[in-house]
Amino acid sequence: MKRSVGAAVLLVAMAGCAVGPDFQRPAGPAADRYTFDALQSESADAASGTAQHIALGRGLEGDWWQAFRSDQLDRVVRDAIDGNQTLAAAQATLSQAQALIEARTGALFPQVSAAAAAGRQKYGAAFFGGFKGPAPFTYFSIGPSVSYALDYTGGIGRSIEQQQALAEFQRQQLAAAYLSITGNVVLQSLEIASAREQIATMQNILEQDRENLRLVQTSFDAGQATRVDILSAQSQLANDATLVPPLRQALSVARHALATLVGQPAASWSAPEFDMAQITLPSEIPVQLPSELAHQRPDILAAEAQLHAATAAVGMATANLYPQITLTGTAGLQALNPGHVFDRSSTVGSLAAGLTGPLFDGGTLRAERQASIDALRADAARYQETVLQAFGQVADQLEALDHDAEQLEAQRHAVEAAQNNVKLSQLSYREGNVGVLQVLDAERQFQQAKLGFVRAQAQRYIDTAQLFLALGGSPLPSS
(Lines give C-alpha, C1' and ligand atoms only; values in the text may rest on other atoms or scores of the structure.)
Protein backbone atom coordinates (compact mmCIF):
# COMPACT_ATOMS: atom_id res chain seq x y z
CA MET A 1 0.00 0.00 0.00
CA LYS A 2 2.82 2.41 0.85
CA ARG A 3 4.45 1.74 -2.51
CA SER A 4 1.16 2.34 -4.33
CA VAL A 5 0.60 5.64 -2.54
CA GLY A 6 4.18 6.71 -3.30
CA ALA A 7 3.76 5.87 -6.95
CA ALA A 8 0.51 7.83 -7.11
CA VAL A 9 2.17 10.89 -5.53
CA LEU A 10 5.03 10.66 -8.03
CA LEU A 11 2.63 10.48 -10.97
CA VAL A 12 0.63 13.45 -9.74
CA ALA A 13 3.86 15.45 -9.39
CA MET A 14 4.86 14.50 -12.91
CA ALA A 15 1.46 15.67 -14.13
CA GLY A 16 2.53 19.22 -13.36
CA CYS A 17 5.24 19.06 -16.04
CA ALA A 18 4.63 20.02 -19.66
CA VAL A 19 6.93 19.05 -22.49
CA GLY A 20 7.61 21.27 -25.46
CA PRO A 21 8.51 24.97 -25.68
CA ASP A 22 6.71 27.60 -23.60
CA PHE A 23 5.29 30.50 -25.59
CA GLN A 24 7.10 33.79 -25.25
CA ARG A 25 5.32 36.88 -26.55
CA PRO A 26 7.42 38.52 -29.29
CA ALA A 27 9.13 41.68 -28.15
CA GLY A 28 8.03 44.93 -29.74
CA PRO A 29 10.33 46.57 -32.31
CA ALA A 30 12.96 48.98 -31.06
CA ALA A 31 12.14 51.65 -33.68
CA ASP A 32 10.95 55.00 -32.34
CA ARG A 33 9.38 56.22 -35.59
CA TYR A 34 7.72 54.85 -38.71
CA THR A 35 9.45 56.69 -41.56
CA PHE A 36 13.11 56.90 -42.53
CA ASP A 37 12.96 60.68 -42.82
CA ALA A 38 11.48 62.70 -40.01
CA LEU A 39 8.02 64.02 -40.82
CA GLN A 40 6.82 67.54 -40.34
CA SER A 41 5.06 67.62 -36.98
CA GLU A 42 2.40 69.87 -38.47
CA SER A 43 0.88 70.17 -41.90
CA ALA A 44 -0.67 73.62 -41.70
CA ASP A 45 -3.45 74.98 -43.84
CA ALA A 46 -3.23 78.68 -43.16
CA ALA A 47 -5.94 79.76 -45.57
CA SER A 48 -8.68 77.61 -44.05
CA GLY A 49 -7.42 77.83 -40.51
CA THR A 50 -7.04 74.06 -40.16
CA ALA A 51 -3.90 72.19 -39.24
CA GLN A 52 -3.05 68.62 -38.37
CA HIS A 53 -0.52 67.76 -35.70
CA ILE A 54 0.90 64.26 -35.26
CA ALA A 55 1.18 63.54 -31.52
CA LEU A 56 3.72 60.71 -31.55
CA GLY A 57 3.71 58.56 -28.43
CA ARG A 58 0.11 59.25 -27.51
CA GLY A 59 -2.74 56.74 -27.52
CA LEU A 60 -6.20 57.29 -28.90
CA GLU A 61 -8.91 58.02 -26.35
CA GLY A 62 -12.46 56.91 -27.11
CA ASP A 63 -13.83 55.72 -30.42
CA TRP A 64 -11.57 56.76 -33.28
CA TRP A 65 -14.33 58.01 -35.60
CA GLN A 66 -15.49 60.51 -33.00
CA ALA A 67 -12.39 62.54 -33.85
CA PHE A 68 -14.38 63.78 -36.89
CA ARG A 69 -16.96 65.33 -34.51
CA SER A 70 -20.01 64.35 -36.52
CA ASP A 71 -23.07 63.12 -34.64
CA GLN A 72 -24.54 61.96 -37.93
CA LEU A 73 -21.46 59.87 -38.66
CA ASP A 74 -21.41 58.48 -35.13
CA ARG A 75 -25.04 57.31 -35.40
CA VAL A 76 -24.42 55.48 -38.66
CA VAL A 77 -21.30 53.75 -37.30
CA ARG A 78 -23.21 52.53 -34.25
CA ASP A 79 -26.08 51.33 -36.43
CA ALA A 80 -23.53 49.29 -38.40
CA ILE A 81 -22.04 47.83 -35.21
CA ASP A 82 -25.51 46.70 -34.14
CA GLY A 83 -26.74 45.42 -37.50
CA ASN A 84 -23.75 44.24 -39.52
CA GLN A 85 -23.91 40.53 -40.35
CA THR A 86 -20.14 40.09 -40.67
CA LEU A 87 -19.76 41.19 -37.06
CA ALA A 88 -22.55 38.85 -35.99
CA ALA A 89 -20.83 35.91 -37.71
CA ALA A 90 -17.46 36.79 -36.13
CA GLN A 91 -19.07 37.01 -32.69
CA ALA A 92 -20.67 33.58 -33.12
CA THR A 93 -17.34 32.10 -34.25
CA LEU A 94 -15.67 33.52 -31.15
CA SER A 95 -18.36 32.00 -28.92
CA GLN A 96 -17.77 28.66 -30.64
CA ALA A 97 -14.02 28.85 -29.96
CA GLN A 98 -14.64 29.71 -26.31
CA ALA A 99 -17.01 26.76 -25.94
CA LEU A 100 -14.34 24.47 -27.37
CA ILE A 101 -11.99 25.60 -24.58
CA GLU A 102 -14.43 24.28 -22.02
CA ALA A 103 -14.90 21.08 -24.01
CA ARG A 104 -11.16 20.46 -24.16
CA THR A 105 -10.62 21.37 -20.50
CA GLY A 106 -12.92 18.51 -19.54
CA ALA A 107 -10.18 16.05 -20.52
CA LEU A 108 -8.22 17.09 -17.41
CA PHE A 109 -10.88 15.61 -15.13
CA PRO A 110 -11.95 12.02 -14.55
CA GLN A 111 -14.55 10.81 -17.00
CA VAL A 112 -17.46 9.21 -15.17
CA SER A 113 -20.22 7.29 -16.88
CA ALA A 114 -23.05 5.04 -15.77
CA ALA A 115 -24.32 1.93 -17.47
CA ALA A 116 -27.13 -0.53 -16.96
CA ALA A 117 -27.57 -3.80 -18.83
CA ALA A 118 -29.81 -6.84 -18.97
CA GLY A 119 -29.13 -9.85 -21.17
CA ARG A 120 -29.20 -13.57 -21.64
CA GLN A 121 -25.95 -15.49 -22.00
CA LYS A 122 -25.00 -19.02 -23.09
CA TYR A 123 -21.44 -20.35 -23.23
CA GLY A 124 -20.33 -23.18 -25.50
CA ALA A 125 -18.27 -26.21 -24.43
CA ALA A 126 -15.11 -24.77 -26.05
CA PHE A 127 -15.19 -21.88 -23.62
CA PHE A 128 -14.65 -24.34 -20.73
CA GLY A 129 -12.07 -26.52 -22.45
CA GLY A 130 -14.54 -29.16 -23.61
CA PHE A 131 -16.40 -29.47 -20.32
CA LYS A 132 -20.03 -28.79 -20.20
CA GLY A 133 -20.78 -25.22 -19.19
CA PRO A 134 -23.68 -23.82 -17.27
CA ALA A 135 -27.12 -23.63 -18.75
CA PRO A 136 -28.20 -20.39 -20.40
CA PHE A 137 -28.83 -17.68 -17.85
CA THR A 138 -30.19 -14.15 -17.62
CA TYR A 139 -28.17 -11.41 -15.90
CA PHE A 140 -28.74 -7.84 -14.71
CA SER A 141 -26.07 -5.20 -13.95
CA ILE A 142 -25.88 -1.54 -13.04
CA GLY A 143 -23.08 0.77 -11.94
CA PRO A 144 -20.66 3.59 -12.77
CA SER A 145 -17.24 3.51 -14.41
CA VAL A 146 -14.40 6.01 -14.12
CA SER A 147 -11.44 6.64 -16.43
CA TYR A 148 -8.67 9.20 -16.01
CA ALA A 149 -5.85 9.99 -18.42
CA LEU A 150 -2.85 11.08 -16.37
CA ASP A 151 -1.44 14.15 -18.10
CA TYR A 152 2.08 13.80 -16.75
CA THR A 153 3.60 15.11 -20.00
CA GLY A 154 1.24 18.07 -20.22
CA GLY A 155 -0.11 17.01 -23.62
CA ILE A 156 -3.71 17.66 -22.60
CA GLY A 157 -2.68 20.96 -21.03
CA ARG A 158 -0.95 21.94 -24.27
CA SER A 159 -4.11 21.11 -26.23
CA ILE A 160 -6.09 23.39 -23.93
CA GLU A 161 -3.44 26.07 -24.35
CA GLN A 162 -3.71 25.70 -28.12
CA GLN A 163 -7.49 26.07 -28.03
CA GLN A 164 -7.17 29.14 -25.84
CA ALA A 165 -4.78 30.63 -28.39
CA LEU A 166 -7.20 29.79 -31.21
CA ALA A 167 -9.98 31.48 -29.25
CA GLU A 168 -7.75 34.54 -28.89
CA PHE A 169 -7.18 34.42 -32.65
CA GLN A 170 -10.94 34.48 -33.20
CA ARG A 171 -11.28 37.37 -30.75
CA GLN A 172 -8.74 39.33 -32.78
CA GLN A 173 -10.55 38.35 -35.96
CA LEU A 174 -13.66 39.87 -34.41
CA ALA A 175 -11.65 42.98 -33.51
CA ALA A 176 -10.38 43.15 -37.11
CA ALA A 177 -13.94 42.85 -38.42
CA TYR A 178 -15.01 45.59 -36.01
CA LEU A 179 -12.20 47.83 -37.26
CA SER A 180 -13.00 47.03 -40.89
CA ILE A 181 -16.72 47.70 -40.50
CA THR A 182 -16.30 50.98 -38.63
CA GLY A 183 -13.59 52.04 -41.09
CA ASN A 184 -15.66 51.23 -44.15
CA VAL A 185 -18.65 53.10 -42.73
CA VAL A 186 -16.53 56.20 -42.25
CA LEU A 187 -14.89 55.88 -45.67
CA GLN A 188 -18.20 55.35 -47.48
CA SER A 189 -19.70 58.28 -45.59
CA LEU A 190 -16.80 60.44 -46.73
CA GLU A 191 -17.29 59.17 -50.28
CA ILE A 192 -20.92 60.26 -50.09
CA ALA A 193 -19.95 63.70 -48.81
CA SER A 194 -17.23 64.04 -51.47
CA ALA A 195 -19.50 62.92 -54.32
CA ARG A 196 -22.24 65.31 -53.23
CA GLU A 197 -19.80 68.22 -53.08
CA GLN A 198 -18.33 67.35 -56.47
CA ILE A 199 -21.82 67.16 -57.96
CA ALA A 200 -22.66 70.54 -56.44
CA THR A 201 -19.43 71.94 -57.89
CA MET A 202 -20.27 70.53 -61.30
CA GLN A 203 -23.74 72.08 -61.12
CA ASN A 204 -22.11 75.45 -60.55
CA ILE A 205 -19.75 74.80 -63.43
CA LEU A 206 -22.64 73.89 -65.73
CA GLU A 207 -24.43 77.06 -64.70
CA GLN A 208 -21.33 79.04 -65.65
CA ASP A 209 -21.21 77.17 -68.98
CA ARG A 210 -24.81 78.19 -69.67
CA GLU A 211 -23.96 81.79 -68.78
CA ASN A 212 -21.00 81.67 -71.18
CA LEU A 213 -23.25 80.30 -73.90
CA ARG A 214 -25.74 83.10 -73.27
CA LEU A 215 -22.88 85.62 -73.43
CA VAL A 216 -21.64 84.24 -76.75
CA GLN A 217 -25.17 84.14 -78.14
CA THR A 218 -25.62 87.80 -77.23
CA SER A 219 -22.36 88.68 -78.95
CA PHE A 220 -23.36 86.66 -82.00
CA ASP A 221 -26.68 88.47 -82.24
CA ALA A 222 -24.76 91.76 -82.07
CA GLY A 223 -22.47 90.59 -84.85
CA GLN A 224 -19.44 90.37 -82.54
CA ALA A 225 -19.09 86.55 -82.54
CA THR A 226 -19.16 83.78 -85.09
CA ARG A 227 -21.06 80.52 -85.38
CA VAL A 228 -17.82 78.75 -84.40
CA ASP A 229 -17.85 80.62 -81.10
CA ILE A 230 -21.39 79.41 -80.38
CA LEU A 231 -20.47 75.82 -81.23
CA SER A 232 -17.42 76.03 -78.96
CA ALA A 233 -19.55 77.22 -76.04
CA GLN A 234 -22.14 74.51 -76.68
CA SER A 235 -19.38 71.90 -76.85
CA GLN A 236 -17.96 73.04 -73.52
CA LEU A 237 -21.39 72.75 -71.89
CA ALA A 238 -21.96 69.28 -73.35
CA ASN A 239 -18.52 68.01 -72.32
CA ASP A 240 -18.90 69.22 -68.75
CA ALA A 241 -22.35 67.63 -68.54
CA THR A 242 -20.76 64.21 -69.18
CA LEU A 243 -18.85 64.50 -65.87
CA VAL A 244 -22.01 64.46 -63.77
CA PRO A 245 -23.37 60.90 -64.38
CA PRO A 246 -20.17 59.15 -63.13
CA LEU A 247 -20.33 61.23 -59.96
CA ARG A 248 -23.97 60.29 -59.44
CA GLN A 249 -23.05 56.64 -59.97
CA ALA A 250 -20.27 56.91 -57.38
CA LEU A 251 -22.77 58.46 -54.97
CA SER A 252 -25.23 55.59 -55.53
CA VAL A 253 -22.52 52.95 -55.02
CA ALA A 254 -21.42 54.56 -51.75
CA ARG A 255 -25.01 54.74 -50.51
CA HIS A 256 -25.65 51.09 -51.36
CA ALA A 257 -22.40 50.00 -49.71
CA LEU A 258 -23.30 51.93 -46.58
CA ALA A 259 -26.72 50.25 -46.45
CA THR A 260 -25.05 46.83 -46.64
CA LEU A 261 -22.65 47.77 -43.84
CA VAL A 262 -25.58 48.80 -41.66
CA GLY A 263 -27.23 45.45 -42.38
CA GLN A 264 -30.17 46.83 -44.34
CA PRO A 265 -31.37 46.42 -47.95
CA ALA A 266 -30.52 49.41 -50.10
CA ALA A 267 -34.19 49.65 -51.15
CA SER A 268 -35.44 50.18 -47.59
CA TRP A 269 -32.64 52.23 -46.00
CA SER A 270 -31.57 55.69 -47.02
CA ALA A 271 -28.08 56.92 -46.23
CA PRO A 272 -27.77 60.33 -44.55
CA GLU A 273 -26.90 63.28 -46.76
CA PHE A 274 -23.39 63.78 -45.45
CA ASP A 275 -21.82 67.18 -45.96
CA MET A 276 -18.08 67.82 -45.86
CA ALA A 277 -18.72 71.12 -44.08
CA GLN A 278 -20.34 69.25 -41.18
CA ILE A 279 -17.45 66.79 -40.73
CA THR A 280 -14.50 68.22 -38.84
CA LEU A 281 -10.97 67.37 -39.93
CA PRO A 282 -9.15 66.13 -36.79
CA SER A 283 -6.57 68.72 -35.81
CA GLU A 284 -4.50 66.40 -33.61
CA ILE A 285 -3.85 62.75 -34.40
CA PRO A 286 -2.41 60.59 -31.63
CA VAL A 287 0.07 58.04 -32.99
CA GLN A 288 1.40 55.37 -30.66
CA LEU A 289 5.02 54.24 -30.84
CA PRO A 290 5.88 51.23 -33.02
CA SER A 291 6.38 49.06 -29.94
CA GLU A 292 2.85 49.87 -28.85
CA LEU A 293 1.38 49.36 -32.31
CA ALA A 294 2.51 45.72 -32.23
CA HIS A 295 0.21 45.21 -29.23
CA GLN A 296 -2.67 47.24 -30.67
CA ARG A 297 -3.48 46.19 -34.24
CA PRO A 298 -5.86 43.23 -34.49
CA ASP A 299 -4.03 41.61 -37.41
CA ILE A 300 -0.74 41.62 -35.47
CA LEU A 301 -2.42 40.22 -32.36
CA ALA A 302 -4.14 37.57 -34.48
CA ALA A 303 -0.77 36.54 -35.95
CA GLU A 304 0.61 36.43 -32.40
CA ALA A 305 -2.24 34.14 -31.34
CA GLN A 306 -1.52 31.82 -34.26
CA LEU A 307 2.12 31.75 -33.21
CA HIS A 308 1.01 30.80 -29.68
CA ALA A 309 -1.20 28.01 -31.03
CA ALA A 310 1.67 26.67 -33.14
CA THR A 311 3.94 26.67 -30.08
CA ALA A 312 1.39 24.62 -28.13
CA ALA A 313 1.10 22.22 -31.08
CA VAL A 314 4.82 21.43 -30.73
CA GLY A 315 4.18 20.51 -27.10
CA MET A 316 1.29 18.27 -28.08
CA ALA A 317 3.38 16.49 -30.71
CA THR A 318 6.21 16.07 -28.18
CA ALA A 319 3.83 14.59 -25.60
CA ASN A 320 2.77 11.95 -28.11
CA LEU A 321 6.31 10.54 -28.01
CA TYR A 322 5.83 9.53 -24.36
CA PRO A 323 3.81 6.61 -22.94
CA GLN A 324 0.19 7.35 -22.10
CA ILE A 325 -1.05 6.37 -18.63
CA THR A 326 -4.73 5.74 -18.02
CA LEU A 327 -6.43 4.87 -14.72
CA THR A 328 -9.77 3.08 -14.87
CA GLY A 329 -12.17 1.93 -12.21
CA THR A 330 -15.59 0.35 -12.19
CA ALA A 331 -18.10 -0.40 -9.47
CA GLY A 332 -21.52 -1.90 -9.78
CA LEU A 333 -24.11 -4.48 -8.96
CA GLN A 334 -24.70 -7.76 -10.80
CA ALA A 335 -27.32 -10.44 -10.21
CA LEU A 336 -29.14 -13.20 -11.99
CA ASN A 337 -32.43 -12.03 -10.59
CA PRO A 338 -33.59 -8.40 -10.71
CA GLY A 339 -34.84 -8.71 -7.16
CA HIS A 340 -31.29 -9.38 -5.91
CA VAL A 341 -29.52 -6.61 -7.83
CA PHE A 342 -29.23 -4.38 -4.78
CA ASP A 343 -28.11 -7.14 -2.39
CA ARG A 344 -24.72 -6.69 -0.75
CA SER A 345 -23.53 -9.91 -2.31
CA SER A 346 -24.12 -8.46 -5.81
CA THR A 347 -21.38 -5.81 -5.45
CA VAL A 348 -18.55 -5.96 -8.03
CA GLY A 349 -15.67 -3.60 -8.86
CA SER A 350 -12.30 -3.22 -10.48
CA LEU A 351 -9.34 -0.81 -10.47
CA ALA A 352 -6.63 -0.82 -13.11
CA ALA A 353 -3.81 1.30 -14.49
CA GLY A 354 -2.81 1.01 -18.12
CA LEU A 355 0.30 2.23 -19.92
CA THR A 356 0.69 2.36 -23.66
CA GLY A 357 3.70 3.74 -25.42
CA PRO A 358 5.06 3.81 -28.96
CA LEU A 359 7.72 1.21 -29.77
CA PHE A 360 7.79 1.34 -33.53
CA ASP A 361 5.64 3.53 -35.77
CA GLY A 362 7.82 3.97 -38.80
CA GLY A 363 8.92 7.43 -37.63
CA THR A 364 5.37 8.86 -37.77
CA LEU A 365 5.36 10.58 -34.38
CA ARG A 366 8.78 12.19 -34.77
CA ALA A 367 7.89 13.33 -38.27
CA GLU A 368 4.69 14.89 -36.92
CA ARG A 369 6.70 16.68 -34.24
CA GLN A 370 9.13 18.00 -36.85
CA ALA A 371 6.20 19.15 -38.96
CA SER A 372 4.82 21.08 -35.99
CA ILE A 373 8.22 22.73 -35.48
CA ASP A 374 8.32 23.74 -39.14
CA ALA A 375 4.78 25.12 -38.83
CA LEU A 376 5.93 27.14 -35.82
CA ARG A 377 8.77 28.64 -37.86
CA ALA A 378 6.37 29.50 -40.65
CA ASP A 379 3.99 31.24 -38.24
CA ALA A 380 6.91 33.16 -36.74
CA ALA A 381 7.88 34.41 -40.20
CA ARG A 382 4.27 35.33 -40.96
CA TYR A 383 4.09 37.26 -37.70
CA GLN A 384 7.17 39.29 -38.60
CA GLU A 385 5.76 39.96 -42.08
CA THR A 386 2.48 41.14 -40.57
CA VAL A 387 4.34 43.57 -38.31
CA LEU A 388 6.40 44.92 -41.21
CA GLN A 389 3.31 45.42 -43.38
CA ALA A 390 1.55 47.23 -40.53
CA PHE A 391 4.47 49.61 -40.05
CA GLY A 392 4.59 50.21 -43.79
CA GLN A 393 0.88 51.10 -43.88
CA VAL A 394 1.29 53.58 -41.03
CA ALA A 395 4.32 55.12 -42.74
CA ASP A 396 2.35 55.44 -46.01
CA GLN A 397 -0.53 57.23 -44.32
CA LEU A 398 1.73 59.56 -42.35
CA GLU A 399 3.46 60.57 -45.56
CA ALA A 400 0.07 60.92 -47.26
CA LEU A 401 -1.10 63.45 -44.69
CA ASP A 402 1.98 65.57 -45.28
CA HIS A 403 1.47 65.43 -49.03
CA ASP A 404 -2.28 66.02 -48.75
CA ALA A 405 -1.69 69.31 -46.98
CA GLU A 406 0.74 70.36 -49.72
CA GLN A 407 -1.68 69.26 -52.43
CA LEU A 408 -4.61 71.10 -50.86
CA GLU A 409 -2.62 74.31 -50.56
CA ALA A 410 -1.48 74.00 -54.17
CA GLN A 411 -5.05 73.41 -55.33
CA ARG A 412 -6.25 76.47 -53.41
CA HIS A 413 -3.69 78.65 -55.16
CA ALA A 414 -4.71 77.08 -58.48
CA VAL A 415 -8.36 77.95 -57.84
CA GLU A 416 -7.53 81.54 -56.93
CA ALA A 417 -5.30 82.00 -59.97
CA ALA A 418 -7.83 80.37 -62.32
CA GLN A 419 -10.67 82.47 -60.93
CA ASN A 420 -8.72 85.68 -61.47
CA ASN A 421 -7.89 84.55 -64.98
CA VAL A 422 -11.59 83.94 -65.74
CA LYS A 423 -12.61 87.39 -64.52
CA LEU A 424 -9.86 89.04 -66.57
CA SER A 425 -10.72 87.00 -69.68
CA GLN A 426 -14.42 87.80 -69.43
CA LEU A 427 -13.66 91.50 -69.01
CA SER A 428 -11.30 91.45 -71.99
CA TYR A 429 -13.91 89.62 -74.06
CA ARG A 430 -16.58 92.22 -73.34
CA GLU A 431 -14.14 94.92 -74.42
CA GLY A 432 -13.29 93.00 -77.58
CA ASN A 433 -9.64 92.38 -76.71
CA VAL A 434 -9.80 88.55 -76.73
CA GLY A 435 -11.92 85.93 -78.43
CA VAL A 436 -14.44 83.56 -76.90
CA LEU A 437 -12.05 80.61 -77.11
CA GLN A 438 -9.72 82.26 -74.61
CA VAL A 439 -12.64 82.78 -72.24
CA LEU A 440 -13.70 79.14 -72.57
CA ASP A 441 -10.15 77.96 -71.98
CA ALA A 442 -9.96 80.08 -68.83
CA GLU A 443 -13.29 78.64 -67.68
CA ARG A 444 -12.03 75.10 -68.29
CA GLN A 445 -8.94 75.69 -66.18
CA PHE A 446 -11.07 77.18 -63.43
CA GLN A 447 -13.42 74.19 -63.47
CA GLN A 448 -10.55 71.73 -63.27
CA ALA A 449 -9.02 73.68 -60.40
CA LYS A 450 -12.29 73.70 -58.44
CA LEU A 451 -12.79 69.96 -58.90
CA GLY A 452 -9.17 69.36 -57.97
CA PHE A 453 -9.64 71.33 -54.76
CA VAL A 454 -12.77 69.38 -53.78
CA ARG A 455 -11.04 66.07 -54.45
CA ALA A 456 -7.89 67.10 -52.57
CA GLN A 457 -10.00 68.15 -49.60
CA ALA A 458 -11.88 64.84 -49.58
CA GLN A 459 -8.64 62.88 -49.95
CA ARG A 460 -7.25 64.58 -46.86
CA TYR A 461 -10.24 63.37 -44.84
CA ILE A 462 -9.99 59.88 -46.30
CA ASP A 463 -6.25 59.60 -45.61
CA THR A 464 -6.84 60.74 -42.04
CA ALA A 465 -9.40 57.96 -41.58
CA GLN A 466 -7.00 55.48 -43.19
CA LEU A 467 -4.31 56.48 -40.71
CA PHE A 468 -6.64 55.77 -37.80
CA LEU A 469 -7.33 52.35 -39.30
CA ALA A 470 -3.62 51.65 -39.87
CA LEU A 471 -3.02 52.45 -36.20
CA GLY A 472 -5.56 49.82 -35.16
CA GLY A 473 -8.48 52.11 -34.44
CA SER A 474 -10.23 51.72 -31.10
CA PRO A 475 -10.14 48.58 -28.93
CA LEU A 476 -13.02 46.16 -29.34
CA PRO A 477 -15.65 47.02 -26.72
CA SER A 478 -16.26 44.28 -24.20
CA SER A 479 -19.55 42.48 -24.72
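All values reported here derive from a predicted model rather than from experimental measurement. Note on numbering: residues in each chain are counted from 1, in written sequence order. Only residues with pLDDT of 70 or above have their local features reported here, since the model is predicted, and side-chain atom pairs are shown and tallied only from 80 upward, although totals for entire chains, interfaces and linings are computed over all residues. In computing side-chain values, all of the structure's heavy atoms are included and hydrogens and water are not.

Draft legend 1. Examining the packing of helix α5 (residues 227-241) against helix α10 (residues 436-470) more closely. Put simply, α5 and α10 touch, their axes get as near as 9 Å, and they point 15 degrees apart. One way to sum up the angle between α5 and α10 is to call them roughly parallel. The chirality of how α5 crosses α10 is right-handed. Listed contacts from α10 to Asp229, Ser232, Ala233, Gln236 and Asp240 of α5 are Val436, Leu437, Leu440, Arg444 and Gln447. Classifying every residue of the contact of α5 with α10 gives four nonpolar, three polar and three charged. Angles shown run from 0 to 180 degrees and are taken between the N-to-C directions of axes, each axis being a line fitted to C-alpha atoms and, for helices, limited to the stretch in contact. Numbered from the N terminus, helices here are DSSP runs of H or I no shorter than four residues, and strands are runs of E no shorter than two. Orientation labels follow simple angle bins: below 35 degrees gives roughly parallel, above 145 gives roughly antiparallel, 65 to 115 gives roughly perpendicular, and whatever is left gives oblique. Put simply, a crossing is left-handed when the front helix is turned counterclockwise from the back one by less than a right angle, and right-handed when it is turned clockwise. Two residues form a contact once any of their heavy atoms are found within 4.5 Å. Following the grouping adopted for this structure description, the nonpolar residues are Ala, Val, Leu, Ile, Met, Phe, Trp, Tyr, Cys and Pro, the charged ones are Asp, Glu, Lys and Arg, and the polar ones are all others, Gly among them.

Draft legend 2. Spotlight on the pattern of salt bridges. Salt bridges are defined by distance alone: a side-chain nitrogen of Lys or Arg within 4 Å of a carboxyl oxygen of Asp or Glu. Taken as a whole, this structure holds 15 salt bridges when the rule is applied. We note a salt bridge from Arg158 to Asp22, for which the minimum N-O separation is 2.7 Å. Here Arg158, found in helix α4 (residues 155-221), pairs with Asp22, found in the loop between α1 (2-15) and β1 (42-45); they are 136 residues apart in sequence, far enough to count as distant. Only protein chains enter the accessibility calculation, which uses a 1.4 Å probe; a residue is then buried when its area is under 20% of its type maximum, exposed when over 50%, and partly exposed in between. According to the relative accessible area criterion, Arg158 is buried, its value standing at 5%. The partner of Asp374 in a salt bridge is Arg377, with the nearest N and O atoms 3.6 Å apart. Taken together, the residues Asp374 and Arg377, both in helix α9 (residues 364-430) and three residues apart, mark about one turn of the helix. Residue class for Asp374 comes out partly exposed when judged on its relative accessible area of 37%. Classification of Arg377 as exposed rests on a relative accessible area of 57%. Each of Asp22, Arg158 and Glu161 takes part in a single network of salt bridges with overlapping partners.

Draft legend 3. The arrangement of the side chain of Asn212 in detail. Position of Asn212 relative to the elements: it lies in helix α4. Classification of Asn212 by relative accessible area gives buried; the value is 4%. In contact with Asn212, other than residues within four places in its own chain, are Gln426, Leu440 and Glu443.

Draft legend 4. Structural context of the sheet that holds strand β7 (residues 347-356). What the four strands build is an open sheet, ordered β3-β4-β6-β7; its pairing is antiparallel. The sheet terminates laterally at β3 (111-121) and β7, the two strands that pair on one side only. The average undirected angle you get between the axes of adjacent strands in this sheet is 20 degrees. Pairing between two strands requires that DSSP report at least two bridges joining them. As judged from the eleven bridges shared by β3 and strand β4 (residues 137-150), these two strands associate in the antiparallel manner. When the sheet's bridge partners are listed, Arg120 is paired in β4 with Thr138.

Draft legend 5. Highlighting unusual backbone geometry. In this structure, Arg69 takes a positive phi of about 50 degrees despite not being glycine. In this structure, Arg69 sits in the loop between β2 (50-56) and α2 (71-83). By relative accessible area, which is 64% here, Arg69 ends up exposed.

Draft legend 6. Molecular detail of the packing of aromatic side chains. Working definition: a ring pair exists when centres of Phe, Tyr or Trp rings (six-membered ring for Trp) sit within 6.5 Å. Plane angles under 30 degrees give stacked, over 60 give edge-to-face, the rest tilted. This structure, assessed with the given rule, holds five aromatic pairs. For the ring pair Trp64 and Trp65, a centre distance of 6.1 Å and an interplane angle of 85 degrees mean the geometry is edge-to-face. For Trp64, a relative accessible area of 1% puts it in the buried group. Ring-pair connections join several aromatic residues into one group, and the members of that group are Trp64, Trp65, Phe68 and Phe468.

Draft legend 7. Molecular detail of helix α8 (residues 298-319). Between the first and last C-alpha of α8 there are 32 Å, a value that for 22 residues agrees with the 32 Å anticipated at 1.5 Å per step. Among the 22 residues of α8, 17 are classified as buried, and the element is accordingly described as predominantly covered. Each helix should span, by expectation, one fewer than its residue count multiplied by 1.5 Å.

Draft legend 8. The nonpolar core, seen in detail. In this text, buried Ala, Val, Leu, Ile, Met, Phe, Trp, Tyr and Cys residues form a nonpolar core when linked through side-chain atoms within 4.5 Å. Within the largest apolar cluster, 78 residues are counted, with the highest numbers of intra-cluster contacts made by Tyr34, Trp64, Phe68, Val186 and Leu258. Per-element accounting of this core gives the leading share, 19 residues, to α4. One finds Leu408, Ala418, Ala442 and Phe446 within the second-largest nonpolar core, a separate group that totals nine residues.

Draft legend 9. How the structure looks around the environment of Thr311. Mapped onto the fold, Thr311 is located in helix α8. Looking at Thr311, the relative accessible area reads 6%, which means it is buried. The spatial distance from the C-alpha of Thr311 to the C-alpha of Ala107 is 20 Å, given a sequence separation of 204 residues. Here Thr311 is in contact with Pro21, Asp22, Phe23 and Leu376, once residues within four sequence places are set aside. Side-chain polar atoms of Thr311 contact the backbone oxygen of Leu307, separated by 2.8 Å. Two N or O atoms count as a polar contact when they lie within 3.5 Å, although within protein this holds only if one can serve as hydrogen donor and the other as acceptor, and sequence-adjacent residues are included solely when both atoms are side-chain atoms.

Draft legend 10. Molecular detail of the side chain of Thr35. Along the polypeptide, Thr35 turns up in the loop between α1 and β1. If near-sequence neighbours (up to four positions away) are discounted, Thr35 is found in contact with Ala395 and Glu399.

Draft legend 11. Up close: the pairing of strand β6 (residues 324-335). Bridge count between β4 and β6: nine bridges; the pairing is antiparallel. If you follow Ser147 over to β6, its bridge partner there is Thr328. The pairing of β6 with β7 spans ten bridges and is classified as antiparallel. Looking across to β7, one finds that Thr330 is bridged to Ser350.

Draft legend 12. Broad picture of the packing of α4 against α8. Relative to each other, α4 and α8 sit at 165 degrees, their axes nearing to 8 Å. Of the possible angle classes, the one that applies to α4 and α8 is roughly antiparallel. The two elements α4 and α8 meet at a crossing, and its hand is left-handed. Classifying every residue of the contact of α4 with α8 by side-chain character gives 15 nonpolar, eight polar and three charged.

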